[in-house]
Amino acid sequence: YTTASHPRYVAGSIGPTGLLPASEDPLLGNARFAEVVDLFVDQVRGLVDGGADVLLIETTQDLLELKAAVHAIMRARADGGRVVPIQAQVTLDTSGRMLLGTDIAAALAVLEALPVDIVGLNCSTGPEQMREPARYLGTWSTKPVSIIPNAGLPLNVNGQAVYPLEPDAMAHALREMVDDFGVGIVGGCCGTTPEHLAALVRAIGRRPAPARPATPLPMVASMVRGVDLRQDPAPLIVGERVNTLGSRKVKRFALADDFDGMVEVARGQVDDGAHALDVCVAMTERTDEAETLRKLVKKLALNVEAPLVLDSTEPDVLRAALEQYPGRAIVNSVNMENGRARIEAVLPTALAHGAAVVAMTIDQEGMAKTAERKVAVAKAIHDIVVGEYGLAPEALIFDPLTFPLSTGEEEFVRSAVETIDGIRAIEAALPGVMTILGISNVSFGLNPVARKIVNAVFLYHAVQAGLDLAIVHPSHVVPFAEIPADERELAEDLVLARRPDALPRLIEHFEGREESAEQGGPDPMADLDVEARLHYRIVHRKKEGIEADIDEAVAARDPVEVLNEVLLPAMKEVGDKFGAGELILPFVLQSAEAMKRAVARLETYLEKQEGVTKGRVVLATVFGDVHDIGKNLVNTILSNNGYTVYDLGKQVPVNRIIEKAVEVEATAIGLSALLVSTSKQMPLCVKELHRAGLDFPVIIGGAAINRSYAQRTLFVDEETPYEPGVFYAKDAFEGLSLMDRIIDGGARERLVRDTVELARNALARPGREAFSVPDEAAATERSATPLVEPPTPPFWGVREM
């Protein structure tokens, strides 16, 4: 069929083995990684020898199986086989996830780091259900994107699977993806016929390949979700407790083979706000570190959504763990203590599994103690790891080392200053790389209360210098802005080496202080009335005793007033502090936990209105955002005021939100986002609603959102507003007020008219580009330049304006 003007090629199909090696299924999940690789090798060799032009790994349900297929292809190449491009495709269900729960961000994070040439989706659904995953791949993948759907979702007709999507409709849907998302390869899977493919050719034809981003998103991933290494506000928190070298409790669990106990510790770290988990099971009492870590990694992958930092000094241990991990891990670590030996032992395995790598600034002269030496060692490692091995700079994370300030030795008096300066120097000298520190090392040996203060001060200054990741116990750090001025000064004198007697002065101040943060000082709530106490408890994360304060408050005031005028303003203050960079995420989550307990108690005093519902509201935290602090409050308010609420939870893709709204004939849709990066899902949802001709009003809110952003989200292009309206709710009660106006026909008409007029006026004013949330249109524009947003200054304490 090949002609001179129209060559044809053969894609060698490599489907699933039938195993699920990442799972705990007793039949499908017991195969080791090497065994799964072996299953693929003969097939790969046959396809390559038979003349296949591309190797198509398709209909993948398990990321670990996908990795095994890639490894089989690389083994065949190493054995002298022909180099054939790799097209790797995963299969998502209608919820936007793979069979074991993997979302599209996690899948892309893994695929970008593997030696594949094309990434994509196939099977399971029709093109409509693939729109949002296809948009994500089209926006962020540096590699060509393939979308090969079924001819619609199959219907069961008299026991036969019938695929309902007609050829022209399928061609139209895929052409939109090519035109709008930059998809480069389209085709048909189950239910498609020669007529479907002929319609595709007529509609799309052959055209130049779309340009792709030059730089991948700096992501790691668990089996379930992707996590951006560049958090805003910084840093990415790596929980330090799942470590036998740093936790006696975890060591006891490991010695007893109590993997469930270690999983509970890991969950606690995530609940406290950790984005990732440092995992180490090294023990002098046992010699089976590799097998212990492999088993623990499998447990954690299936039970914890946070990505893993695999921590071991033994290359074979790291290999065993990587062969079990379906996500994209971080390997901790390499160094040049023995020249190139450690790098050469670890890097090939890390690269083969797509891992990011921590590099410690250690060489044959020892640990680098000055900023100048730290940069010199970092450059030497960078030359080898990036220059020779080809690791992406964004996957190289330097640890410039933290030393205890408690010894008083002259050699270490300026060590924290040198580390902070080293962070700045490394990131300036080596663009793209990141930095990480084990924060608690700086205070080793000090009083526990003093340690928290010193750790917080050190972390604050390190983040100001550009630190990207911090290994800490999330609940063992205090906010910099909340440290008493005298204690902050004492700690800064020590950390910044501002006076020679800093250490004895700090030791004397904290001598005899207990672990409790209040020990040794007056109760800050002692003279406050009950409403001020509730406000203080939420802002300062003091959940114990909050139920009694709620009881006292509602004895004097209406419960709705307590919620509206006491609790919500307190949570708004927390959101404002987070937005200003004064609080990092763990503290926001702790405040949310206090708020949750307060609202749960308050609900016992609120009477839900019975009878016919006032309206149906679909609520969701948008895709990519794993926090539902504000949304849960909105659910409570609306439910207790006569509305039926369909809460879809967090990490919800746009197609699922729209499908649910259609299913329940929603009165309105409510969308929440905590982070700037995830807020871009809101205009995408509005544009999809407009494209489909649907008429659901949309209410948006969250810490990352302001009224200006809602005004811009209202417009689906430069001139066209979304006719049902997009409205901003600064808190749950404004959301209730908006719903009450939406269900009133006349009030809704005025609301929409006034909103459109205000938005047009706001967008016409000079300086309208200075909205707080980056322009979604600019973020999705395709070019050969990186699509990653330029990083904002990562202040963790009070953000300078």
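Residues numbered from 1 in each chain as written. Predicted model: local features only at pLDDT ≥ 70, side-chain atom pairs only at ≥ 80, totals over all residues. Heavy atoms only, no water.

Visitor: How should I be thinking about the pairing of strand β11 (residues 236-239) in this particular structure?
Guide: Here β11 shows no split at all, with Leu236 and Val238 on one side and Ile237 and Gly239 on the other all buried. Note that β11 and strand β20 (residues 469-472) share 4 bridges and pair parallel. Across the sheet, Gly239 pairs through a bridge with Val472, a residue of β20. Where β11 meets strand β12 (residues 276-279), 2 bridges bridge the pair, whose relative direction is parallel. Across the sheet, residue Val238 finds its bridge partner in β12, namely Ala276. (Buried < 20%, exposed > 50% of the residue type's maximum accessible area, 1.4 Å probe, protein only. Helix = DSSP H or I, 4+ residues; strand = E, 2+ residues; numbered from the N terminus. Pairing = 2+ DSSP bridges.)

Visitor: Sorry if this is basic, but what is going on with the packing of helix α13 (residues 415-429) against helix α14 (residues 448-464) here?
Guide: Helix packing geometry: the angle between the two helix axes and the distance between the axes. Where α13 contacts α14, the axes come no closer than 8 Å and their chain directions differ by 25°. It follows that α13 is roughly parallel to α14 by the angle criterion. By crossing handedness, the relation of α13 to α14 is classed as right-handed. Mapping the contact onto sequence places Ala416, Thr419, Ile420 and Ile423 in α13 and Phe458, His461 and Ala462 in α14. Looking at the contact of α13 with α14 residue by residue, the class counts come to 5 nonpolar, 2 polar and no charged. (Axes fitted to C-alpha atoms, helices over the stretch in contact; angles between N-to-C directions. Parallel < 35°, antiparallel > 145°, perpendicular 65-115°, else oblique. Left-handed = near helix turned anticlockwise from the far one by under 90°. Contact = heavy atoms within 4.5 Å. Nonpolar A, V, L, I, M, F, W, Y, C, P; charged D, E, K, R; others polar.)

Visitor: Help me understand the pairing of strand β18 (residues 396-399) in this model?
Guide: The side chains of a regular strand alternate between both faces of the sheet. Neither face of β18 is open: one carries Leu396 and Phe398, the other Ile397 and Asp399, and all of them are buried. In the sheet, strand β15 (residues 356-360) pairs with β18 via 4 bridges, with the strands oriented parallel. If you follow Ala359 over to β18, its bridge partner there is Phe398. With 2 bridges connecting them, β18 and strand β19 (residues 434-438) associate as parallel partners. Residue pairing in the sheet places Ile397 in a bridge with Met434 of β19. For the crossover that starts at β18, traverses α13 and ends in the parallel β19, the hand is right-handed. (Right-handed = clockwise from strand over helix to strand, strands pointing away.)

Visitor: Which parts of the structure should I look at to understand unusual backbone geometry?
Guide: Among all residues save glycine, negative phi is the norm, and among peptide bonds the norm is trans. Pro233 follows Asp232 through a cis peptide bond whose omega is 5°. Along the chain, Pro233 falls in the loop between β10 (226-228) and β11. Along the chain, Asn332 connects to Ser333 via a cis peptide bond; the corresponding omega equals 15°. Looking at where Ser333 falls in the secondary structure, it is placed in strand β14 (residues 330-334). The backbone phi angle of Cys123 is positive, close to 65°, even though this residue is not glycine. With respect to the helices and strands, Cys123 occurs in the loop between β4 (118-122) and α4 (127-140). One non-glycine residue, Glu665, adopts positive backbone phi at about 55°. Assignment of secondary structure puts Glu665 in the loop between α22 (654-664) and β23 (668-672). By relative accessible area, which is 58% here, Glu665 ends up exposed.

Visitor: What exactly am I supposed to notice about the pattern of salt bridges here?
Guide: Any two side chains of opposite charge can pair, on the condition that their charged atoms come close. All chains considered together, the criterion is met by 50 salt bridges. With a shortest N-O distance of 3.9 Å, Glu365 and Arg373 are connected by a salt bridge. Its relative accessible area of 67% is what places Glu365 among the exposed residues. Of the residues examined, Arg373 reaches a relative accessible area of 22% and is grouped as partly exposed. We note a salt bridge from Asp493 to Arg505, for which the minimum N-O separation is 3.4 Å. On the criterion of sequence distance, the pair formed by Asp493 in helix α15 (residues 485-495) and Arg505 in helix α16 (residues 502-510) is long-range, its members being 12 residues apart. (Salt bridge = Lys/Arg side-chain N within 4 Å of Asp/Glu carboxyl O.)

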